[in-house]
Each structure stands twice: as structure tokens, then as C-alpha cells.
Amino acid sequence: MSSVVAVFGLGKYQKSGILELKKRNFITIGFDENNSPYSKKSVNKFFNVSFNNIKKIQKICIENKVKYLFAFSTDAPLNLISKLNENLKLQGYKKKDVNLVSDKIKLRKFLKKKMKISQPKFNYFQNFDKISKKKFDKFKKPIVCKPNIGSGSKGVFFANDYLNFLKLFKENKSFYKNKKILIENFIQGTEYAIEGWIYNNKFILGCLSKKKRSNLPYLLDVSLIINYKNSNIISQVNKFFSKFIKKSNMNNLPVHFEFLIRNNRIVPIDFAIRGAGFGVYSEILSKIMQQSTNKILVNLIMNLDIEFNKPNDKTFFLRFLFSNKKGIFKGITNISKLKKLSSFRELQFYKKKNSKVSILKNGHDRIGHIILESSSKNLYKDVVKSDNLIKTKIENE
């Protein structure tokens with residue numbers, strides 16, 4: 001008789017993970033806060049329920065004799081999953097691990113006290129009323145303000161002075177509801193990201209990405225070179241994880257780690273125990289590893305043996321499409337020329353034509369993306385060509 005598993009989050013980039021479960025003849029129960037998610041029809045049973053309603057979800061899991069809980073390339077349900085695993089005595093994500101990485105303040109304290117890693121000066125506040133000009137002025141400017149819990153860069157902004165801070169906080173106030181406010185010094189530098197796994201108490205490298213961020217005051221990825229090669233940075237990453245694994249006791253998890261390099265040392269920015277979104281984990285990393293990364297994740301949760309391939313030299317360029325003003329999205333220029341590039345692999349739109357779009361402030365404001373792929377230097381030539389070809393067409397409202 002087939003075992004029953006639950007999947008939390010049924011978006012487009014979760015579909016391949018759900019199909020991996022179906023290959024194993026699991027009966028899949030899907031949960032999503034959206035009533036009509038992209039992968040709704042890919043699961044055997046669907047429940048539209050808030051991830052905050054643990055009582056209802058736990059009842060459904062018990063009634064259906066759920067054996068494993070999964071989430072693919074999203075951290076939104078991990079807090080819920082870790083609590084359910086503890087309550088139902090299931091293996092998989094542990095509450096202590098999720099709590100550490102999901103709360104930016106806890107993570108900063110852990111890195112500073114347990115790992116002795118240099119951190120930008122930071123402080124946190126229970127609510128906005130606690131942040132006086134006197135307290136704000138103790139920070140070296142500029143600063144970065146973040147909610148202590150959140151993803152997709154929602155509510156994250158950069159401020160040069162107190163008046164600028166007040167204005168931007170007011171614009172982002174909704175992202176700080178029931179959350180603490182983390183303020184830290186802004187550090188200039190190129191940002192990188194690592195995709196990999198902690199398996200059998202060792203770090204397994206998937207790939208290194210070099211990132212380009214948006215203009216201030218908002219700090220979002222606008223493009224990534226994926227499977228970027230830099231042996232010195234990878235050496236620093238291996239040293240970091242060797243220490244991190246010992247101090248945190250984390251094991252059998254995917255990791256997505258964002259950081260800067262300063263004075264030949266890692267400066268952590270963010271840490272998540274899930275694969276990167278937008279198909280980076282499920283599709284691009286699978287091509288780099290020459291094996292299914294969804295299969296790796298399923299085996300991690302089920303505590304099965306895994307043989308990891310070595311990453312190959314394929315390089316990918318992921319560029320996000322966005323608008324520099326409010327308006328109506330009318331498409332992009334030169335699509336036919338873009339598709340003729342030898343390295344072209346994908347053009348994906350998140351917004352429909354004639355839909356309203358906003359200035360890039362968080363991940364939900366992105367319009368779409370393009371992906372280029374090559375094992376040669378031609379990729380970088382095509383990156384330049386694509387930058388010259390593509391312009392988003394935005395009409396005033």
C-alpha cells in the first residue's frame with residue numbers, strides 16, 4: 001500500500017518536486033494558502049488553508065496517516081513543518097534548525113557568539129516606537145533595515161539618515177507587523193550565494209553564484225552568474241561550513257547561503273535551509289550536478305543514502321525583468337533576437353501583459369526572467385548582447 005506524504009507550497013517551481021514524489025508512488029496531499037496554486041492538479045488531495053492554522057493541518061495529517069512532510073524551494077512553510085514533525089514524531093526538518101535560520105536576529109547572535117565570525121554592527125527593536133533619533137545616530141551610516149523574519153527581501157531597505165529611514169519605514173510598515181526590527185551597518189561589496197547540502201555531517205557543494213543587486217534604497221538580486229568559478233571563495237565557504245556544522249549540529253538539509261567577501265573572509269548576509277527559487281535548485285542545479293536535486297531533497301528528508309556527483313562546468317546567467325516605474329506592462333523588446341542567441345534557454349513572465357507593475361521593492365515586483373546557458377566564454381558575450389536587446393515596455397497608468 002502506498003504511503004501518504006504532504007507537500008506545503010504548490011507553486012510553479014514546486015511542481016517538479018511533487019512529480020518526484022509521484023514517481024515513488026506516494027499519495028500526495030497538497031497544502032497552499034492560495035486557493036488556485038499552479039500545481040494544484042499535481043497532488044492527489046488539495047487543502048486551501050493558512051500555514052498558521054497548525055491545528056487544522058495537523059488533524060488532516062493524522063486523519064490521512066501522513067508519513068513525511070515536504071517543501072520544495074520555499075521557506076514559507078518550514079516553521080509549520082518543523083512543528084508538525086515534532087508533534088507527530090516524524091523525521092525531517094527540526095524545530096531548532098528552522099528557528100535558528102529563520103530568525104535573522106538569532107542567526108546574527110549565533111554567528112557572533114558561537115562561531116566568532118565578524119558581523120556588521122547590528123541592533124534590534126521590538127517595535128518602531130523604540131527607535132529614537134538618538135539610537136539611530138549610534139549606527140554608522142548607511143544602514144540596512146530588515147524584519148527579523150521574512151523572505152523575498154520584503155521590507156528590506158537602505159537608509160542614509162533618520163528622515164530617510166522614517167520615510168522608508170512608513171512605506172514598508174506592513175512587512176514588520178508582529179516582527180522585530182533588525183538594523184545593521186551596510187557593507188559594500190559583491191554578494192555571492194552558495195547552493196549545497198549538509199549530508200552525514202559534511203558540506204556538499206552544489207554551486208557558487210555571483211550576484212548583481214538593484215540600486216538603492218532596495219537591495220534585490222537583478223542577475224546571477226550561476227556556477228561561477230572562484231577556488232579561493234569556495235575554500236572560504238568550505239571552512240565556514242566545517243565550523244558551522246559542528247556548532248549548529250545541523251544535518252541532512254539543503255542550504256542556500258548568501259554572503260560577501262571582505263578582507264578574504266566571509267561576511268554572512270542570509271542563510272536558508274531550502275533550495276533557491278525560480279528553478280535554480282530544481283532545474284539549473286540539477287544540470288550542474290547531473291542528477292535530480294529534488295531526488296536529493298526527498299532522500300534527505302527520508303534519511304536515505306545519497307551519492308553526489310561532482311558539479312560540472314556549465315555556467316548559467318539568470319537575469320530578472322523589472323520596471324523602474326509604476327505603470328502597465330506591455331512586454332519586452334527584441335524577443336525574437338533574444339531567442340536566436342546560442343546560449344538562450346528560457347524566457348519566463350510572472351506578470352501578464354497589460355497588468356499593473358511597480359518599482360522593484362521586493363521579489364513580488366519582478367516581471368519575469370531570462371536564462372542563458374553555456375560551457376564556453378560565449379555566455380559572457382551573450383550576456384552583453386541580451387542586456388542591449390531587452391528593455392521592458394511600460395506605459396503610464
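Just above sits the structure.
These remarks concern the structure in this document. (Residues numbered from 1 in each chain as written. Predicted model: local features only at pLDDT ≥ 70, side-chain atom pairs only at ≥ 80, totals over all residues. Heavy atoms only, no water.)

**A short note on the sheet that holds strand β17 (residues 356-357)**
Logical step 1: Spatial ordering of the open sheet is given by β17-β15-β19, a layout of three strands whose pairing is antiparallel. Each edge of the sheet is formed by a strand with only one pairing partner; in this case those strands are β17 and β19 (392-395).
Logical step 2: Pairing of strand β15 (residues 327-332) with β17 involves two bridges; the strand directions are antiparallel. If you follow G327 over to β17, its bridge partner there is V357. (Pairing = 2+ DSSP bridges. Helix = DSSP H or I, 4+ residues; strand = E, 2+ residues; numbered from the N terminus.)

**A word on the side chain of N185**
Logical step 1: Relative to the helices and strands, N185 resides in strand β8 (residues 181-185).
Logical step 2: Among the polar contacts made by the side chain of N185, one reaches the main-chain carbonyl oxygen of K140 at a distance of 2.6 Å.
Logical step 3: Filtering out sequence-adjacent residues up to four positions away, N185 remains in contact with P120, K121, F139, K140, P142 and I143. (Polar contact = N/O pair within 3.5 Å; in protein donor to acceptor, adjacent residues only side chain to side chain. Contact = heavy atoms within 4.5 Å.)

**Remarks on the pattern of salt bridges**
Logical step 1: If you walk through the whole model with that rule in mind, you get 20 salt bridges.
Logical step 2: Note that R24 and E20 form a salt bridge whose closest N and O atoms lie 3.0 Å from each other.
Logical step 3: Under the relative-accessibility criterion, R24 is labelled partly exposed at 24%.
Logical step 4: The salt bridge partner of R345 is E373, with a shortest N-O separation of 3.0 Å. Placement of R345 in strand β16 (residues 344-349) and of E373 in strand β18 (residues 368-374) is noted, with a sequence separation of 28 residues between them.
Logical step 5: The exposure class of E373 is buried, given its relative accessible area of 8%.
Logical step 6: Through salt bridges that share partners, E191, K211, R213, D221 and E258 make up one connected network. (Salt bridge = Lys/Arg side-chain N within 4 Å of Asp/Glu carboxyl O. Buried < 20%, exposed > 50% of the residue type's maximum accessible area, 1.4 Å probe, protein only.)

**A closer look at the nonpolar core**
Inside soluble globular proteins, nonpolar side chains tend to come together where they are buried.
Logical step 1: If you look at the biggest cluster of nonpolar residues, it comprises 100 residues, and the most contacted ones within it are F8, F31, F240, F241, F271 and I273.
Logical step 2: A total of seven residues in this core trace back to one element, the largest contributor, which is helix α8 (residues 231-248).
Logical step 3: Non-local contacts of F8, meaning those with residues more than four positions away in its chain, are made with F31, F51, I57, L69, F70, A71, T74, P77, L80, I81 and L84.
Logical step 4: F125, C145, F165 and I183 belong to the second-largest nonpolar core, a separate cluster that totals 19 residues. (Core = buried A, V, L, I, M, F, W, Y, C linked by side-chain atoms within 4.5 Å.)

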